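Residues per chain, in single letters:
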Amino acid sequence: MKRIQIIAISVLSSVSIAYAQNETDALKFTETFLGGTARSQGAAGAFGAVGADFSATVINPAGLGLYRRNEANFGMGLEYNNSKTSYLGNSSTDFRGNFNIPNVGFVGTKVYSEMGEDRKEGLVSWSIAGGMSRVSSYQSNIRFNGVNTQNSLLDYFKYSANGLNSYTIEDNFNSTQNNLANIPGAQAYYNFLLDTANNATTYRALTDGISGKKLLQQQQMQTRGAANEFNISSGVNLGNIVYLGGGLVMRYVYSQTDIFLSEQSQGTVPNYTSSGLRTQINSSGKGYAGRFGIIVRPIDWLKLGLAAQTPMRIDMHDDYKFTVSTVNYAKNIVADPGRFDYFDYKITTPATFTMSGAVTLPSIGFVSVDYETIDYTQMSLSADNVFFSAENNAITSTMKRAGNLRIGTELKIDDYYRVRLGYARYESAYKNTGNYDLNRYALTGGVGFLIDRVFIDAAVVNSFGNQLVSPYKTGDSNNPAPTAVNAYSNYNFVLSGGIRF
C-alpha cells in the first residue's frame with residue numbers, strides 16, 4: 001500500500017501535474033482525437049452523418065448502411081510533433097516525428113434486389129465491417145529549463161519521503177529486499193539529499209531555509225504510444241430513409257514515458273551541487289464498449305445522425321521505475337533500483353454522444369457538422385484492495401462535460417477528383433483553466449482521387465493548442481512548483497486508399 005501511495009504522488013505527465021493512477025491519467029486514456037481514413041481526416045472527421053466511409057466505425061456505425069459495395073482499405077501516416085515551451089522566462093523548442101498506421105479495414109455489403117432491380121423499400125442493403133483505426137496519439141518530445149528561486153526538486157523528494165520511517169529506508173537499502181528502492185524520497189534520503197527533521201518520519205532538505213538560492217532546472221520528456229480501436233460493426237439500410245448500425249469496440253492503449261529532470265545549485269546552496277530524477281513509466285491497457293447509431297434521411301439531400309458509445313472499462317498495467325542521481329558533499333551517487341515495479345488498475349471512461357448533420361448534393365459534394373459531448377466527471381479509477389477516493393473526488397471537482405465540434409466539407413471537382421477542408425475544436429475537460437486556452441484545435445485539408453473502383457485520398461491535419469506541464473509537486477499549496485506552458489503545433493500527413501468491388 002505504501003508503494004501505491006508513493007506512485008500516486010510521483011509520476012509526471014504532460015498536462016498539469018500527473019501522478020500515476022490519478023485524474024490526469026484517466027483523462028489521457030479517455031480522450032480521443034481525429035483518426036480513421038484520410039478522407040475523413042481531410043474533412044476534420046465530420047463524418048457522423050455522411051456515411052459510406054470506414055470512419056463510420058469510430059463515429060456512427062449507421063453510416064455503414066450507406067455502402068453499396070464491398071471495400072478493402074488501408075492507410076499510412078507521418079506525424080510531426082512540434083513543441084515550444086516557456087518556463088521561468090525561458091523558451092525551448094523540440095520535435096518528434098513518427099510513422100503510423102491510421103486505418104486498415106474491410107467492409108462486406110449485401111444489396112437486396114427484386115425482379116432484377118435494387119429494392120426501394122424494406123431491407124435495401126446490409127453491411128458488416130471489421131478493422132483498426134488510430135484514435136489518439138501520445139507522441140511528443142518536450143524540454144524546458146529555467147532558474148528557480150522559490151522551491152526545489154528536493155521539496156518533491158521531501159514530500160515523497162514524508163511518512164516513511166528513516167530506519168526502514170536504511171534497512172531496505174542495505175538489504176537484498178530493496179522494497180523502497182523505487183520511491184524517489186527514499187532514494188533521496190539514502191543519497192544524503194534529505195535528513196530527518198522532528199522525528200523519523202518527517203524530513204528536511206538541503207535547500208530548506210536557504211535564501212538567495214538560484215537553482216537551474218532542466219527537463220526532457222519523451223512520450224511514445226497511441227490508442228488504437230479494433231471493432232466489428234454492422235449497418236443496415238431501411239428504405240433508403242433510415243440507417244441503423246451497431247458494433248463492438250476494443251480499444252488498446254499503450255504509452256511509454258521517459259522523463260529526466262535535473263537541478264544544479266550553481267553554488268547557492270551549501271553542500272549541494274546537483275540532483276536528478278529519471279522517471280520511466282510504461283502503460284498499456286485494453287477495454288471494450290458498444291457503439292450504436294441511427295441516420296435518418298428525411299429528404300434526399302439531408303441526413304441527420306445520432307450515435308452513442310457506452311462507457312468503457314480499460315484494464316491498465318503500469319511498469320515504473322525511478323532513479324535519483326546526486327552530486328553533494330563531494331559525492332556522486334546514482335540510486336538505480338535495478339528493476340521495474342508494476343501496478344494494475346482500471347479506468348472507466350464516460351459515455352459519448354454524437355449528433356450529426358450533412359447536406360449532400362451528389363453533383364457538388366457535402367457540408368457536414370458533428371457535435372460530440374462527453375461528461376468527464378463520470379470517469380473513475382479502481383483497483384483491487386485500493387481506494388481511489390481522493391482521485392475520483394478530484395475528477396468530480398475539476399472536470400466537466402465538454403463538447404467537441406467538427407465541421408467539414410468535400411467539393412467534387414469532376415468525376416475523378418475531390419477537395420476537402422475542415423475545422424475541429426476539442427474542448428478542455430477541466431472546469432478551471434486559469435487564463436489559458438487549453439482547448440485543442442485542428443485545421444484540415446485533403447484531396448481525393450477516384451477512378452472506377454480504386455480510390456486514393458490524402459490529408460493533412462494541423463492540430464494545435466496549449467499544455468500546462470509541472471516538473472514536480474512540492475506538497476505545499478502556498479509554494480507550488482512553477483508551471484511550464486507548452487504551445488504545440490502538430491502535423492499529421494495521411495495517405496489512404498482502397499478498392500471497392
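Just so it is clear, the structure is predicted and the values come from calculations on it, not from any experiment.

Q: Just checking my understanding: could you explain the overall build of the protein chain for this structure?
A: Check the secondary structure of the protein chain and you find 7 helices and 24 strands. A compact globule built from 501 residues would reach a C-alpha radius of gyration of about 23 Å, and the protein chain, at 26 Å, matches this within 12%. Taken over the C-alpha atoms alone, the protein chain extends approximately 90 × 45 × 35 Å along its principal axes. Buried residues in the protein chain amount to 55% of all 501 residues.

Q: What should I look at first to understand the pattern of salt bridges in this one?
A: Pairs can form between side chains of opposite charge whenever their charged atoms are close. Under the definition given, this model contains 23 salt bridges. One salt bridge in this structure joins D457 and R420, with 3.0 Å as the shortest N-O distance. In this pair, D457 is assigned in strand 23 (residues 454-469) and R420 in strand 21 (residues 417-426), connecting sequence segments 37 residues apart. We note that D457, like R420, is buried. Within this structure, R39, E410, R420 and D457 form a network of salt bridges that share partners.

Q: Would you take a moment to explain helix 7 (residues 389-398) for this structure?
A: Residue pairs three or four apart in sequence face the same way in an α-helix, which turns once every 3.6 residues. The set of residues buried in helix 7 consists of E391, A394 and I395. Seen from one end, helix 7 has its buried residues packed into an arc of 105°, which puts them on one side. Turned more than 90 degrees away from the buried face of helix 7, the exposed residues are A390 and N393. Check the buried side of helix 7 and you find it contacts helix 2 (23-30) and strand 19 (380-382).

Q: Even after reading the chapter, I still don't get the confidence of the model for the protein chain, so can you show me in this structure?
A: Note: predicted coordinates in regions of low pLDDT should not be interpreted at a detailed level. With 95% of its residues at a pLDDT of at least 70, the protein chain reaches an overall mean of 92. Every residue in residues 1-19 scores below 50 in pLDDT, and together they form 62 contacts with partners more than four places removed in sequence or on other chains.

Q: Explain the side chain of K303 here, please?
A: Relative to the assigned elements, K303 resides in strand 13 (residues 302-309). At a separation of 3.3 Å, a polar atom in the side chain of K303 contacts the side chain of T360. Filtering out sequence-adjacent residues up to four positions away, K303 remains in contact with A49, V50, L66, I295, V296, R297, S356, G357, A358 and T360.

Q: What's the story with the packing of aromatic side chains in this structure? I'm lost.
A: Given two aromatic rings, one states the distance between the centres and the angle between the planes to describe the pair. Considering all chains together, one arrives at 15 aromatic pairs under this definition. Ring geometry for Y320 versus F322: centroids 5.9 Å apart, planes at 50°, classification tilted. You'll find Y320 and F322 in the same group, each marked buried. Seen from their ring centres, Y417 and F449 are 5.4 Å apart, and the 50° between their planes marks the pair as tilted. With Y417 in strand 21 and F449 in strand 22 (residues 440-451), the pair connects residues that are 32 residues apart, well separated along the chain.

Q: Help me understand helix 4 (residues 153-161), please; the structure alone is not making it clear to me.
A: Of all 9 residues in helix 4, 8 are buried; the element is thus mostly enclosed. Those residues of helix 4 not exposed but buried are L153, L154, D155, Y156, F157, K158, S160 and A161. Among the residues trailing helix 4, G163 stands out with phi positive, at a value near 100°.

Q: Could you clarify how one ought to interpret the environment of V147 in this entry?
A: Relative to the helices and strands, V147 is located in strand 7 (residues 140-148). Sequence separation between V147 and G97 is 50 residues; the distance between their C-alpha atoms is 30 Å. What V147 contacts, discounting residues up to four positions off in sequence, is L88, K214, L215, L216 and Q266.

Q: I tried to follow unusual backbone geometry on my own but got confused; where do I start?
A: Backbone geometry follows two general trends: most residues other than glycine have a negative phi, and most peptide bonds adopt the trans configuration. Unlike most non-glycine residues, N271 shows phi in positive territory, near 65°. Here N271 shows up in the loop between strand 11 (242-264) and strand 12 (272-299). If you check the backbone angles, N385 has positive phi at about 65° while not being a glycine. Looking at the secondary structure, you find N385 in the loop between strand 19 and helix 7. For N385, a relative accessible area of 76% translates into the label exposed.

Q: How should the side chain of S136 be read in this particular structure?
A: For S136, the position within the fold is in strand 6 (residues 123-137). With near-sequence residues (within four places) excluded, S136 lies in contact with E31, T32, A226 and A227.

Q: When you look at the nonpolar core in this model, what are you seeing that I'm missing?
A: Note that soluble globular proteins tend to have their nonpolar side chains buried in a common cluster. Counting residues in hydrophobic clusters, the biggest one holds 35 residues, and the most contacted among them are Y345, Y376 and M399. When residues of this core are traced back to their parent elements, those giving at least two are helix 2, strand 11, strand 14 (312-328), strand 16 (341-349) and strand 18 (365-375). Sequence-distant contacts of M399, that is, excluding residues within four places in its chain, are made with E23, L27, Y376, T377, M379, A394, A429, Y430 and K431. Among the nonpolar cores identified, the runner-up in size contains 30 residues, and L154, A188, L194 and L277 belong to it.

Basis of the calculations
- Residues numbered from 1 in each chain as written.
- Predicted model: local features only at pLDDT ≥ 70, side-chain atom pairs only at ≥ 80, totals over all residues.
- Heavy atoms only, no water.
- Helix = DSSP H or I, 4+ residues; strand = E, 2+ residues; numbered from the N terminus.
- Rg over C-alpha atoms; globule rule 2.2 N^0.38 Å.
- Buried < 20%, exposed > 50% of the residue type's maximum accessible area, 1.4 Å probe, protein only.
- Salt bridge = Lys/Arg side-chain N within 4 Å of Asp/Glu carboxyl O.
- Arc of directions from axis to C-beta.
- Contact = heavy atoms within 4.5 Å.
- pLDDT = per-residue confidence, 0-100.
- Polar contact = N/O pair within 3.5 Å; in protein donor to acceptor, adjacent residues only side chain to side chain.
- Phe/Tyr/Trp six-rings, centres within 6.5 Å; stacked < 30°, edge-to-face > 60°.
- Core = buried A, V, L, I, M, F, W, Y, C linked by side-chain atoms within 4.5 Å.

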